[in-house]
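# Examining the three-dimensional arrangement
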Amino acid sequence: MQDNATEVTAAGIARLAGVGRAAVSNWRRRHADFPKPVGGTETSPSFALTEVETWLRTQGKLAEVPLRERVWQQLAGHPEGPVTALVHVGCALLLVNDRPTVWLELSAGSDARLAELLPAPLDQVLTPRFGLVRKRAVDTPTAAQLLPSAPLLRGAADLAAELGTRKAYEFLLGRHLDANPRQYTLTPTGLAALMTDLAGTARTVLDPACGTGALLRAVAAAQGASGIEDQHLYGQDSAPELAALTALRLALHAEATVTTVRTAAADSLRDDTYGTLRADAVLCHPPFNERNWGHDELAYDPRWEYGFPARTESELAWVQHALARLKEGGIAVLLMPPAAASRRSGRRIRADLLRRGALRAVIALPPGAAPPYNLPLHLWVLRRPALTAHPAQPEVLLADTGVFTADSRGGLDWQSVRTAVLDAWRPFDRTGTAPEQPGLSRSLPVIELLDDDVDLAPARHLPPPAAGGGTERLADVRDRLGETLRLTGELTPPAADPRPPTRWPLTTIGELARGGALQLRTGGNGGHARVPVLTDHDVLAGTAPSGTLPESDEEPVLTEPGDVVVPVLGGGAIARVVDEATAGAALGRNLALLRPDPVAIDPWFLAGFLRGTANNRQASSYASTATRLDVRRLQVPRLPLDQQRTYGERFRALAEFEEALRLAGRLGEQLVRGMYDGLTDGTVEPA
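Let us look at the structure shown here. Being a predicted model, the structure only gives us computed values, none of them experimental.

## Observations concerning the overall build of the chain
Within the chain, the regular secondary structure consists of 23 helices and 22 strands. Put simply, the chain has 687 residues, and 49% of those count as buried. Nonlocal contacts in the chain, meaning residues at least 24 apart in sequence, comprise 74% of its contacts between residues at least 6 apart. Accessible surface computed for the chain: about 32,300 Å², of which carbon and sulfur atoms make up 52%.

Listed below in structure tokens is the structure:
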């Protein structure tokens, strides 16, 4: 049976059964009839999926494998690798979407018959979708290539019947990307939407370094919402697997009668497939800091209208490639490293881009907008000058959204970033100038930037936001700090009388969960883009939910008032009670949520005892680089509810004192920074 070829690791078994990996290790040791490894290595063995399924069901540890989990395990364990599996699944889902009756007829027989008959109808679907373009990214798979995928394709079709073809493919692709974060450089959803907004309405859009298709998908979503028809999306990537995944993703996202999708597998700089294309818009998240981009063989390429890029200026090669693929008046938006705005090796090209009116805006994003997350990346907005236009534009827009930097490792407030950027860009785009917003945006005459450095870093040209009013704001911060320090003194808990340790009868979180006194949930890997996410750093820092999760069809775990949230990584003794302000947020990764039954357990009593140092030490396990908390092993005393509430009130008072200390620290830092800035920019007198 072909399905036996699908293998799962211990981690996959744990996901199937809804347990931790330690439980799988225990099963292997304790049960002689546990399935034997069929592959992998001695330290990381793999097992036959059907044997594991049968064993789990026989042991009563599994009623039925969820369909999406089974399909994912089939995909992850595909003998040719998950990328090949995703390509085959995408092709099959296109057939299911466009010709459902053909799929039903083909899938009625055996796997061998399905694989033998599938190539011809697939080609009839793929060729109209992707054309006969040179280096087409998605070739029709052969019968021999499809045979190992036949069980997976059947499962994917069943999943599509449950979720829809687009959502089924997005789930599988998103799970693959999450499982391999270092393999792919992803463009976050919020950033892709902002770049699409800056490009505006466009019928023909090119992404010459399309990756997994995030930018073109954002374009398709935006244009679909606006009702535009006859749209053409072009993508190219040097990695064949990425070009194929992008093509299938877009084809499943867009209607064939409305949108044309063309993707090619080739290096855009060295081997441009769309040399004659003139697009309305180009969106690009190019690879950064590439030395081997084709400098030696492309010295006389006609695309270098603004100067031949130095070997260290690969990003300026991408900028000029984007301009070369635009029609007159077309707009390009590129994500750029901040060094590209100031490196001396690129100053001549930057100067010519300014003189000829091609570079219209440089927008600095907050750190954390996209990888590498420690840098404040830039967006360059460019427009291809018309031949009849004046040779120079009088002004260029510089903006810096660093003020929206998140206070934690969670995601940015993309809505605030988007509003600030578009409020500056749209009037500038209409009139060629925009009112100055101190510390945020300013349109400068081009002549002011054409010095020896041609430094376009926005922060170097924007006045500080505190100018003309910083003293009043500092006085307000000082007053708030004094009030908070007074509150801190009032909340200082009284010293406890020394007494010997009390020996309570104890129970564990695992026992309480099994008895129904509380529910135990863990954070997920997917959710809805509009739902804020409570991250582990939010819990540690006591801040509001600030994270994001990849959008998927997985239902997120939403917090409720009285829930107790515990980080499982890092070894800290922390537990946070969810209040009304935090309720409704999705539970982030590396967090466990305890939802106590209010008639059995007081949440503040529970959170307080979970924070005990000794409690955390006995429930923690240690790896070479991290500490992980087994929440089920944490202990709490068996006490009557009224006695729990007495302890709970004391723990609540401690939490209020802790929050007051945090606020005092933040206000103190703000006051010190404001004083330094005021003294150095002259808005505060030394006296």
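Read on for the rest.
## Here we look at the sheet that holds strand E14 (residues 518-522)
Spatial ordering of the open sheet is given by E14-E19-E16-E17, a layout of four strands whose pairing is antiparallel. Two strands lie at the open edges of the sheet, namely E14 and strand E17 (576-577), each paired on one side alone. Sheet analysis places strand E16 (residues 564-567) next to strand E19 (residues 591-596), joined by four bridges and oriented antiparallel. By the bridge assignment for E19, valine 565 is matched with leucine 593. Along the sheet face, helix H21 (residues 603-610) touches E14, E16, E17 and E19 and points at about 15 degrees away from the line of E16.

## Some details on the nonpolar core
Within the largest apolar cluster, 90 residues are counted, with the highest numbers of intra-cluster contacts made by Leu198 and Leu379. In terms of residues, this core owes the most to one element, helix H5 (residues 82-98), which gives eleven residues. Taken domain by domain, this core gets at least three of its residues from each of domain 2 (69-179) and domain 3 (286-465). Those residues in contact with leucine 198 that lie beyond four places of it in its chain are Ile331, Val333, Ile363, Leu379, Val381, Val421, Leu422 and Trp425. If you look at the next biggest cluster of nonpolar residues, it comprises 42 residues, including Leu277, Leu359, Val446 and Val454.

## Describing the packing of H21 against helix H23 (residues 641-681)
Put simply, H21 and H23 touch, their axes get as near as 7 Å, and they point 65 degrees apart. Regarding the angle of H21 to H23, the classification is roughly perpendicular. Handedness of the crossing formed by H21 with H23: left-handed. Residue-level inspection shows Trp604, Phe605, Gly608 and Phe609 of H21 in contact with H23, the latter providing Gln644, Tyr647, Gly648, Phe651, Arg652 and Ala655. Per-class residue counts for the contact of H21 with H23 are six nonpolar, three polar and one charged.

## Observations regarding the pattern of salt bridges
What the rule picks out here adds up to 30 salt bridges. Ionic pairing is found between glutamate 170 and arginine 217, a salt bridge with its closest N-O pair at 3.4 Å. Linking glutamate 170 in helix H11 (residues 165-179) with arginine 217 in helix H13 (residues 214-226), this pair joins segments that are 47 residues apart in sequence. Between arginine 666 and glutamate 659 there is a salt bridge, and its shortest N-O distance comes to 3.4 Å. Given the relative accessible area of 30%, glutamate 659 is considered partly exposed. One connected set of salt bridges, linked through shared partners, spans Arg611, Glu658, Glu659, Arg662 and Arg666.

## Some words on unusual backbone geometry
Here the bond from proline 371 into proline 372 is cis, since omega is -5 degrees, no more than 30 degrees from zero. Structurally, proline 372 can be placed in the loop between strand E9 (359-364) and strand E10 (378-383). Here the phi dihedral of valine 454 falls at roughly 50 degrees; this positive angle occurs in a residue that is not glycine. Within the secondary structure, valine 454 is located in the loop between strand E12 (441-445) and helix H18 (470-491). Unlike most non-glycine residues, asparagine 590 shows phi in positive territory, near 60 degrees. Note on placement: asparagine 590 falls in the loop between strand E18 (586-587) and E19.

## A closer look at the side chain of serine 268
In this structure, serine 268 sits in the loop between strand E6 (259-265) and strand E7 (279-284). Residue serine 268 is classed as buried on the basis of its relative accessible area of 1%.

## What about the sheet that holds strand E2 (residues 39-40)?
Read across the open sheet, the three strands follow the order E1-E3-E2; overall the sheet is antiparallel. Strand pairing shows two members of the sheet lacking a second neighbour, strand E1 (7-9) and E2, which therefore form its edges. Taken together, the three bridges between E1 and strand E3 (residues 45-48) define a ladder with antiparallel strand orientation. In the strand pairing of E3, threonine 9 is matched with serine 46. Sheet strands touched by helix H1 (residues 10-17): E1 and E3. Its angle to E1, the strand with the most contacts, is close to 90 degrees.

## With respect to the environment of leucine 216
Its place among the elements puts leucine 216 in helix H13. Taking relative accessible area as the criterion, leucine 216 reaches 0% and is therefore assigned buried. Sequence separation between leucine 216 and threonine 246 is 30 residues, and the spatial gap between their C-alpha atoms is 8.4 Å. Residues within four places of leucine 216 in sequence aside, it is in contact with Val205, Asp207, Leu233, Tyr234, Gly235, Thr246 and Leu250.

## Notes on the packing of H5 against helix H10 (residues 150-163)
H10 packs onto H5 with a crossing angle of 50 degrees between their chain directions and a minimal axis gap of 9 Å. Judged by the inter-axis angle, H5 sits oblique to H10. Between H5 and H10 lies a crossing of right-handed hand. Between H5, through Ala85, His88, Val89, Ala92, Leu93 and Val96, and H10, the contact on the second element is made entirely by Leu152, Leu153, Ala156, Ala157 and Ala160. The class makeup of the residues in the contact of H5 with H10 is ten nonpolar, one polar and no charged.

## A word on the environment of glycine 357
Along the polypeptide, glycine 357 turns up in the loop between helix H16 (347-355) and E9. Classification of glycine 357 as buried rests on a relative accessible area of 5%. A sequence separation of 28 residues divides glycine 357 from proline 385, and the C-alpha atoms of the two residues are 6.5 Å apart.

## Some details on H23
Its 41 residues place the ends of H23 59 Å apart at the C-alpha level, agreeing with the 60 Å of an ideal helix rising 1.5 Å per residue. Those residues of H23 not exposed but buried are Gln644, Gly648, Phe651, Phe657, Ala660, Ala664, Leu667, Leu671, Gly674 and Gly678. Remark: glycine 682 follows H23 within two positions and exhibits a positive phi of approximately 90 degrees.

## Considerations on the packing of aromatic side chains
If you walk through the whole model with that rule in mind, you get 13 aromatic pairs. On the numbers, 5.4 Å between centres and 85 degrees between planes, the contact of tryptophan 504 with phenylalanine 609 is edge-to-face. Pair noted here: tryptophan 504 is in the loop between H18 and strand E13 (506-508) and phenylalanine 609 is in helix H21, with a separation of 105 residues, a long-range link. Exposure remark for tryptophan 504: the relative accessible area of 25% places this residue in the partly exposed category. For phenylalanine 609, a relative accessible area of 15% translates into the label buried. Plain terms: the ring middles of tryptophan 504 and tyrosine 647 are 5.9 Å apart, the flat faces sit at 85 degrees to each other, and that makes the pair edge-to-face. Remark: tyrosine 647 occurs in helix H23 and tryptophan 504 occurs in the loop between H18 and E13; sequence separation between them is 143 residues. Taken together, the ring pairs in this structure connect Trp504, Phe605, Phe609, Tyr647 and Phe651 into an aromatic cluster.

## Comments concerning helix H3 (residues 49-58)
Listing the buried residues of H3 in full gives Leu49, Thr50, Val52, Glu53, Trp55 and Leu56. Here the buried face of H3 lies against E1, H1, helix H2 (21-30), E3 and helix H4 (67-76). Of the residues flanking the end of H3, it is glycine 60, one or two places downstream, whose phi is positive at about 75 degrees.

Rules of the game
- Residues numbered from 1 in each chain as written.
- Predicted model: local features only at pLDDT ≥ 70, side-chain atom pairs only at ≥ 80, totals over all residues.
- Heavy atoms only, no water.
- Helix = DSSP H or I, 4+ residues; strand = E, 2+ residues; numbered from the N terminus.
- Buried < 20%, exposed > 50% of the residue type's maximum accessible area, 1.4 Å probe, protein only.
- Contact = heavy atoms within 4.5 Å.
- Areas by Shrake-Rupley, 256 points an atom, 1.4 Å probe, with all protein chains shown as cover.
- Pairing = 2+ DSSP bridges.
- Axes fitted to C-alpha atoms, helices over the stretch in contact; angles between N-to-C directions.
- Core = buried A, V, L, I, M, F, W, Y, C linked by side-chain atoms within 4.5 Å.
- Domains from an automatic or database assignment.
- Parallel < 35°, antiparallel > 145°, perpendicular 65-115°, else oblique.
- Left-handed = near helix turned anticlockwise from the far one by under 90°.
- Nonpolar A, V, L, I, M, F, W, Y, C, P; charged D, E, K, R; others polar.
- Salt bridge = Lys/Arg side-chain N within 4 Å of Asp/Glu carboxyl O.
- Expected span 1.5 Å × (residues − 1).
- Phe/Tyr/Trp six-rings, centres within 6.5 Å; stacked < 30°, edge-to-face > 60°.

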